[in-house]
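Survey of secondary and tertiary structure
Given next are the chains, with one letter for each unit.
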Amino acid sequence: MAGLYVHIPFCKRRCLYCDFFSTTLLERREEYVQAVLQEINNRREEAGEPIRTIYIGGGTPSMLTAEQIRTILAAIGTKDAKEITMETNPGDLTSEYLHAIRRAGINRLSIGIQSFKDELLQLIGRRHTATQAINAVHMAQEAGFDNISIDLMYALPTQTMTLWEEDIESALRMNIQHISCYGLMYEDGTALSHMRDTGDIEPIDEDTENKMYDVLCCRLKQAGFTHYEVSNFALPGYEAKHNSSYWNGTPYVGIGAGAHSYVGHTRSWNPNEIDAYINGIKQSNLVRESEQLSDTDLYNEHIMLGLRTCQGIYVDKTPIKPRQNPDPLTSGLRDDNGTIARLCGEGLLRLTEDRRIVATQKGLHVLNSIITELMTE
Ligand code: SF4
């Protein structure tokens, strides 16, 4: 099984917190789609396995017409694909558009709602309203979509615990199957970081941010959602297959400007610049940088990705071993200094009966430092 990702980098305007690769040069869309079609044609067989999941992400893929989406999916070929996801902005969605992309083959929608509060949406520079978000989900359901994910954000400036709890309840009223949830990050160079630095906005304190995350996990669990990855929650059977393939080492081919691929322990990526990408495809001289992952890289990646999931990492059966000094007690996970035992003792990791280590709720608050501690050099 392999995955295929298509990056559509166009956005009507930039959200204030965004540091993803995207562009507002909407007039380049058709030219870009033609380059994407050419790249699909060039690389369709690269994964060496049938494509089981397709993910059209961005940017804002719903800035393309339904016909452009249909053409892209037709070029990929969807006969083996079980899950075909498209990211959308609620402000772009109409009933007609949703019916058309469903007919084109999209069977899972990811809708970037972020918040059901207009004042918070405005504050972070989103261009849709709460009413548009609610209508978008209803229209999608009426169009026949029965696998819908929404994105939510917490730790937004001025967001109180009450406002956050109301957002969670609004999300649950939508009868959707999947929720991806991210705390706001102040990335260098973004407008929001600048606003923080000039004192125009005040970030939420860390303690409140952690409480918001805990409330989210607790409420969604009560509502029947599985917390299957640090930022992702799904009703049983609705875990994102495509994203899961990133976490479990399945090969994937990334198409489009800035898209990353991972095939045969080699990671490669396209230039994240529209002209370099389109011209490279047109002139058949696209420069894709790549790196071969070493055993140590694979081991570290295994830790980094595994600990983000509720499955955690097998300490007895882990298939990847570091090149140097594998610890015989943990069959692959280095624990030279008793780090795993210490982290378990501190209540940050727990060892399951079938000998997996999994981050605890307390551990999820400091997951990056746990991962760094467990990585090897
Ligand atoms: S819609 Fe997404 S990709 Fe586009 S600017 Fe906003 S956050 Fe960034």
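Conventions adopted
Residues numbered from 1 in each chain as written. Predicted model: local features only at pLDDT ≥ 70, side-chain atom pairs only at ≥ 80, totals over all residues. Heavy atoms only, no water. Helix = DSSP H or I, 4+ residues; strand = E, 2+ residues; numbered from the N terminus. Rg over C-alpha atoms; globule rule 2.2 N^0.38 Å. Contact = heavy atoms within 4.5 Å. Areas by Shrake-Rupley, 256 points an atom, 1.4 Å probe, with all protein chains shown as cover. Near = heavy atom within 4 Å. Nonpolar A, V, L, I, M, F, W, Y, C, P; charged D, E, K, R; others polar. Disulfide = S-S within 2.5 Å. Buried < 20%, exposed > 50% of the residue type's maximum accessible area, 1.4 Å probe, protein only. Phe/Tyr/Trp six-rings, centres within 6.5 Å; stacked < 30°, edge-to-face > 60°. Lys NZ or Arg CZ within 6 Å of the ring centre and 35° of its normal. 1 Å grid on protein atoms, 1.4 Å probe; cavity = no way out; pocket = protein on both sides within 12 Å on 5 of 7 lines; lining within 4 Å. Points joined across faces, edges and corners; volume = space filled by probe spheres on them. Domains from an automatic or database assignment. Buried area = accessible area lost by both parts, 1.4 Å probe. Salt bridge = Lys/Arg side-chain N within 4 Å of Asp/Glu carboxyl O. Polar contact = N/O pair within 3.5 Å; in protein donor to acceptor, adjacent residues only side chain to side chain.

**A short note on the overall build of the protein chain**
- Counting its secondary structure elements, the protein chain contains 14 helices and 15 strands.
- The C-alpha radius of gyration computed for the protein chain amounts to 21 Å, which stays within 12% of the reference 21 Å derived for 377 residues, consistent with globular compactness.
- Over its C-alpha atoms, taken along the principal directions, the protein chain stretches across nearly 55 × 50 × 45 Å.
- Put simply, 67% of the contacts in the protein chain that link residues at least 6 apart link residues at least 24 apart.
- Looking at the protein chain as shown, the accessible area adds up to about 17,000 Å², and 48% of this sits on carbon and sulfur atoms.

**Some remarks on unusual backbone geometry**
- Note the cis peptide between Gly58 and Gly59, where omega equals 20°.
- Topologically, Gly59 is positioned in the loop between β2 (51–58) and α2 (66–76).
- Of note, Ser284 is a non-glycine position whose phi angle comes to about 55°, a positive value.
- With respect to the helices and strands, Ser284 occurs in the loop between α10 (274–282) and β12 (289–292).

**What to know about the site of the ligand**
- In the neighbourhood of the ligand, the contacting residues comprise Cys11, Arg13, Arg14, Cys15, Tyr17, Cys18, Phe20, Gly59, Thr60 and Arg126.
- For the shell around the ligand, the class distribution of residues is five nonpolar, two polar and three charged.

**So, the state of the cysteines**
- Tallied over the full model, the rule gives zero disulfides.
- As a non-bridged cysteine, Cys181 has Cys217 as the owner of its nearest cysteine sulfur, 8.3 Å distant.
- In this structure Cys181 comes out as buried when scored by relative accessible area, which is 1%.

**Concerning the packing of aromatic side chains**
- With the rule as written, the count across this model stands at six aromatic pairs.
- A centroid spacing of 5.5 Å and a plane angle of 40° characterise the contact between Tyr154 and Trp164, whose relative ring orientation is tilted. Taken together, the residues Tyr154 in strand β5 (residues 148–154) and Trp164 in helix α6 (residues 161–173) connect sequence positions ten residues apart. Comparing Tyr154 with Trp164, the two get one shared label, buried.
- Directly above the ring of Phe145 sits Arg102, whose terminal nitrogen or CZ lies 5.7 Å from the centroid.

**Comments concerning the layout of surface pockets**
- There is about 320 Å³ of room inside the second largest pocket.
- For the lining of the second largest pocket, the elements supplying multiple residues, two or more each, are α8 (206–222), β7 (226–229), β15 (356–359) and α13 (361–365).
- Its residues assigned to classes, the lining of the second largest pocket shows nine nonpolar, five polar and four charged.

**Some details on the domain arrangement of the protein chain**
- Under the domain assignment used here, the protein chain contains domain 1 (2–247) and domain 2 (295–374).
- If you average the C-alpha positions of domain 1 and of domain 2, the two centres end up 30 Å apart.
- Counting from both sides, the interface comprises eleven residues of domain 1 and, opposite them, eight residues of domain 2.
- Between domain 1 and domain 2 the total buried area reaches about 890 Å² when both faces are included, carbon and sulfur atoms providing 56% of it.
- Where domain 1 touches domain 2, the interface holds one salt bridge.
- Between Arg308 and Glu229 there is a salt bridge, and its shortest N-O distance comes to 2.7 Å.
- For the interface between domain 1 and domain 2, the tally reads five residue pairs in polar contact (both at pLDDT 80 or more).
- Every element with two or more residues in the side of domain 1 that touches domain 2 is listed here: α8, β7 and α9 (241–247).
- Per element, the largest residue contribution to the side of domain 1 that touches domain 2 is four residues, and it comes from α8.
- Split into classes, the residues belonging to the side of domain 1 that touches domain 2 amount to six nonpolar, three polar and two charged.

**Some points on the pattern of salt bridges**
- Here the structure, examined in full by the defined rule, presents 19 salt bridges.
- Residues Asp275 and Arg28 are paired through a salt bridge, measuring 2.9 Å at the closest nitrogen-oxygen approach. With Asp275 in helix α10 and Arg28 in the loop between β1 (2–8) and α1 (29–43), this pair connects stretches of sequence that are 247 residues apart.
- Note on Asp275: relative accessible area 34%, which makes it partly exposed.
- When the shortest N-O distance is used, the salt bridge between Glu46 and Arg43 registers 2.8 Å.
- Overlapping salt bridges bring together Arg28, Glu31, Asp275 and Lys282 as one network.

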